[in-house]
Amino acid sequence: MDQYAALRANVGLLGTELGETLRQHLGDAVLQRVEQIRQLSKAARQGDNQQAEQLRQVLTALSDDELLPVARAFAQFLNLANLAEQQFSISAAGRSSIEKPEPLTELFQRLQQQAIAKADIRQALHDLSIELVLTAHPTEVARRTLIHKLTEIAGCLAALEQPQTPWQRQQTELRLTELISQAWHTNEIREQRPTPVDEAKSGFAVIESSLWQAVPDFLRELDTDLQRALGEGLPLDAAPVRFSSWMGGDRDGNPFVTAKVTRQVLLLSRWKAADLFIKDLDLLSTELSMNQASAELQAASEQASEPYRAVLNKLRQQLIYTRDWLTEALKHDRLQRPADLIWHNQQLLEPLLLCYQSLQQSGMTRIAQGRLTDTLRRGYAFGLTLLKLDIRQDAGRHAQVFSELTRYLGLGDYAAWSEADRQAFLLRELPNKRPLFPKQWQPSAEVQEVLDTCDIVARHGSEALSTYVISMAGKPSDVLAVQLLLKEAGISFPMPVAPLFETLSDLQNAPDCMRQLLSIDWYRGYINGRQEVMIGYSDSAKDAGVLAAAWAQYSAQEALVQLSRDYGVKLTLFHGRGGTIGRGGGPAHAAILSQPPGSLVGGLRVTEQGEMIRFKFGLPQLAVRSLALYASAVLEGLLLPPPVPKASWRQLMSTLASDSCDAYRAVVRHNPEFVPYFRAATPEQELGKLPLGSRPAKRNPTGGVESLRAIPWIFAWSQNRLMLPAWLGAGSALAKAVDAGHSTLLDEMQQQWPFFATRLSMLEMVFLKADAEIAAYYDKVLVPAALQPLGEQLRQQLAADRQLLLQLIHSDTLMAKEGWIRESIMLRNTYVDPLHILQVELLKRARQAPDDLTAQSNRALMVTIAGIAAGMRNSG
């Protein structure tokens, strides 16, 4: 039986509906052209060279009028195919085909088989702390309005899987037709770049449309599994998964994120939370019409005949008043906050808990555990601030503040001081009671912006804010500087300050930097036994290649875990992962379990970026499954930790890391032809024109590859299917190890060490997505003849690395054990291939005669970029 038949049927249905839309609005000729291209692409994929050549001829001969509709048709289809896949993964038919359909149930069964003590499971659940940090990196190519339509289409597919009368089925199909038509008539490319506030709103939209329902559903699922395994459920106030955000708080290299923007996002977050809780209370007030109540509730309701309604309606009115005040506050820079707003979580939770306890005492436990429990759980998970906001800023910007200040005070230039002098100055000022900044001092606009941000942080409190992240941190003074700035702003809570170690040398120096910090008495007293450290995946991989970066990340984490034990500090590691392999991405479950033992004890914080937010959390049931995968992986890491690597594994891994870094840098840094080749062979230059995120593509607009952000660097290579950053260097290092006679040891590492096994599995996925023929076509048409040998050399390396990997995993097929992922990639290839050929043609026209490029052709180029990104899925 074909286990993917239901998926193919849905993909076919959506394709037919899209075809019908094309026929209605563009006529039979365009539909026939699209269908001809699809058939040729399918035959070409099956190895028919003649059809492949014809496909290229048809696509390069398209007229200006045909380019855009054809590009849009294939891009739209990929969005629909992705959606069909998402829906399939949560449908009854799909659950039997995907990996780990019931991750929590499966884990609890394994814990039982391995005789893990109930007390240990209880403790692990008590300590379970997962914080998912939503970030708006410029990889989400779909507009919010289109995402809404896609969610509605998913609802239609779900309805069609249920038994329906002929009339009901007809209505669902009509709605499906209407939605696909709406999507076709909506511009899929934004006209303007989103602002940081727009990005934050898209984060709120994910919560409203999916996570608001998914979080209580997930907690019910976890509760049921616990009842079965331990005979007791989750405590009511359990919030094992919480959400934070960087949208509106991440100012690293983004000039558009200002203190004003941060304030606006913090207020909007509260506005949205109030709005969502008002809707919950509307529903609860309708349902909780009972009159039997505890004496406490009767008193709180002032002896009303329907006490639950009275208490809930009063809370609802206060929230409406708060929401109205927030509406006004968003229009004014400073507005005095009245005392009677619902501002702190306790004000929300107290009346809800009063109702809950009263229902329990009155023998109405079933009712208490219904919708009221869901609302309480949202109260604990989201609270009145919805998403806690992180602040991120570059270490150099904080140093600039003290540089200007010390010059003004006649103390010399902080920027020129040694690390010891900086620390002495900061540690002298940190416990000092008098203000440090003179009233008459007038700092530069850049410094004032940093001070204004700290002022906003101090005003908004610990319920609204999570962590202050320092990018490009490398020294203890980088952390102490932020703590002094926050103290001077009048902060009343100890905000966690996390250094971000992101380049290879930063990661290697991280343990030494943290040891110096933790040996400072004042610092240890201030952090109160808790420390957060952020590990950067993107920049370390861009700097040294994936294998060297992965080992540096692992080694840094291991050393930091040991250091925190030595100092009696609870360490939370914050993983700055991207969606793609080259930025630490890949299946979350495997990634978590491949971390060093002990690294999850202080909880897990991890970024969820760009388009991955939609792929993991875009539909409520999908979000429940993603949360269950996270929870099961962290619990497994706590209760069944991976082995401590043997000395022989470490030794070989260090050699592999060093060899792979050398091989990677030999190409990327030391080959003078590399940068011009990269610019010619990928649409890197054109990516900057695509209005994806609010952040500029480069930190330094005139710099080379080193100044390019990790995201466009990866994005560009996934567009031409060479996928270079995700594999370069790894295969060369592995080949050297095999030649040196280490095959048996590599085998052992693969079998027994999750860290190493996960690296090889990531390479499998990359090699399955990479396509040397497509990359060669980009080179043939776009790359100057003098640079083409470099491309040929890289493709030969890709082929050799792929062959070696198959040998190491003892298989003749990539991803043979991951049928679902393999099927998913193969399914999309037929539709991505024409977009590649179109993109090459449009890039050629744009580069040869930029002035002749019509608005239609330019938009078609943008659509190919967005379409390929949708087809490649984890593109950023």
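Residues numbered from 1 in each chain as written. Predicted model: local features only at pLDDT ≥ 70, side-chain atom pairs only at ≥ 80, totals over all residues. Heavy atoms only, no water.

A.B. asks: Mind laying out the overall build of the chain, listing which residues take part and the relevant values?
C.D. replies: A tally of regular secondary structure across the chain gives 37 helices and 8 strands. Principal-axis analysis of the C-alpha atoms gives the chain an extent of 85 × 75 × 60 Å. Across the 876 residues in the chain, those meeting the buried criterion constitute 59%. Nonlocal contacts in the chain, meaning residues at least 24 apart in sequence, comprise 82% of its contacts between residues at least 6 apart. Summed over its atoms, the accessible surface of the chain is roughly 34,300 Å², and 50% of this surface lies on carbon and sulfur atoms. Mean positive and mean negative side-chain charge positions of the chain (90 and 96 charges, respectively) differ by 2 Å. (Helix = DSSP H or I, 4+ residues; strand = E, 2+ residues; numbered from the N terminus. Buried < 20%, exposed > 50% of the residue type's maximum accessible area, 1.4 Å probe, protein only. Contact = heavy atoms within 4.5 Å. Areas by Shrake-Rupley, 256 points an atom, 1.4 Å probe, with all protein chains shown as cover. Lys, Arg positive; Asp, Glu negative; His and termini not counted. Charge placed at Lys NZ, Arg CZ, Asp CG, Glu CD.)

A.B. asks: Pulling in residues and values, what's your account of the packing of aromatic side chains?
C.D. replies: If you walk through the whole model with that rule in mind, you get 31 aromatic pairs. Ring centres 5.9 Å apart and planes at 15° place the aromatic pair Phe-243 and Phe-382 in the stacked group. Pair noted here: Phe-243 is in strand β2 (residues 241–245) and Phe-382 is in the loop between α15 (365–381) and β3 (388–394), with a separation of 139 residues, a long-range link. Overall, the relative accessible area of 2% leaves Phe-243 in the buried class. Among the aromatic residues, those joined into a cluster by ring pairs are Trp-212, Phe-243, Phe-277, Phe-382 and Phe-617. In this structure, Arg-270 packs its charged tip against the face of Trp-343, placed 3.8 Å from the ring centre. Directly above the ring of Phe-574 sits Arg-605, whose terminal nitrogen or CZ lies 4.5 Å from the centroid. (Phe/Tyr/Trp six-rings, centres within 6.5 Å; stacked < 30°, edge-to-face > 60°. Lys NZ or Arg CZ within 6 Å of the ring centre and 35° of its normal.)

A.B. asks: Can you break down helix α18 (residues 445–464) residue by residue, with the values?
C.D. replies: The largest bend in α18 is about 55°, located at Ala-458. Three or more residues of α18 are buried, namely Val-447, Val-450, Leu-451, Thr-453, Cys-454, Ile-456, Val-457, Ala-458, His-460, Gly-461 and Ala-464. Elements in contact with the buried residues of α18: α11 (259–287), β3, α16 (395–408), β4 (465–471) and α19 (476–488). (Bend = angle between axes of the 7 residues up to and from the residue.)

A.B. asks: Give me the lowdown on the sheet that holds β2, citing residues and values where you can.
C.D. replies: Backbone-to-backbone hydrogen bonds join strands into a sheet, with any given pair of strands oriented parallel or antiparallel. Spatially, β1-β2-β3-β4-β5-β6-β7-β8 is the arrangement adopted by the 8 strands of the closed barrel, whose pairing is parallel. Across the sheet, the axes of successive neighbouring strands diverge by a mean angle of 25°, strand direction being ignored. The pairing of strand β5 (residues 497–501) with strand β6 (residues 530–536) spans 2 bridges and is parallel. Directly across from Phe-501, in β6, lies its bridge partner Ile-535. In this fold helix α23 (residues 546–567) packs onto β6 and β7 (570–576), with an angle of close to 165° to the strand it touches most, β7. (Pairing = 2+ DSSP bridges. Axes fitted to C-alpha atoms, helices over the stretch in contact; angles between N-to-C directions.)

A.B. asks: I'd like a description of the pairing of β7, backed by residues and values.
C.D. replies: One face of the sheet, then the other: side chains in a regular strand alternate in exactly this way. Counting buried residues in β7 gives 6 out of 7 residues, a clear majority hidden from the surface. With 3 bridges joining them, β7 and strand β8 (residues 604–609) adopt parallel strand pairing. Looking at the pairing, His-575 lines up with Val-606 of β8.

A.B. asks: Residue-level account of the pairing of strand β1 (residues 130–135), with values.
C.D. replies: Within β1, 6 of the 6 residues are buried, which leaves the element mostly enclosed by the surrounding structure. Burial along β1 is two-sided: Ile-130, Leu-132 and Leu-134 facing one way and Glu-131, Val-133 and Thr-135 facing the other are all buried. Bridge count for β1 against β8 is 6 bridges, and the pairing is parallel. Paired with Leu-132 across the strands is Val-606, a residue of β8.

A.B. asks: Kindly report on the environment of Leu-405, identifying the contributing residues and their values.
C.D. replies: Its location among the elements puts Leu-405 in helix α16. Residue Leu-405 is classed as buried on the basis of its relative accessible area of 0%. Along the primary structure Leu-405 and Leu-728 are separated by 323 residues, whereas in three dimensions their C-alpha atoms are 46 Å apart. Ignoring any residue separated from it by four or fewer positions in sequence, one finds Leu-405 in contact with Leu-436, Phe-437, Pro-438 and Trp-441.

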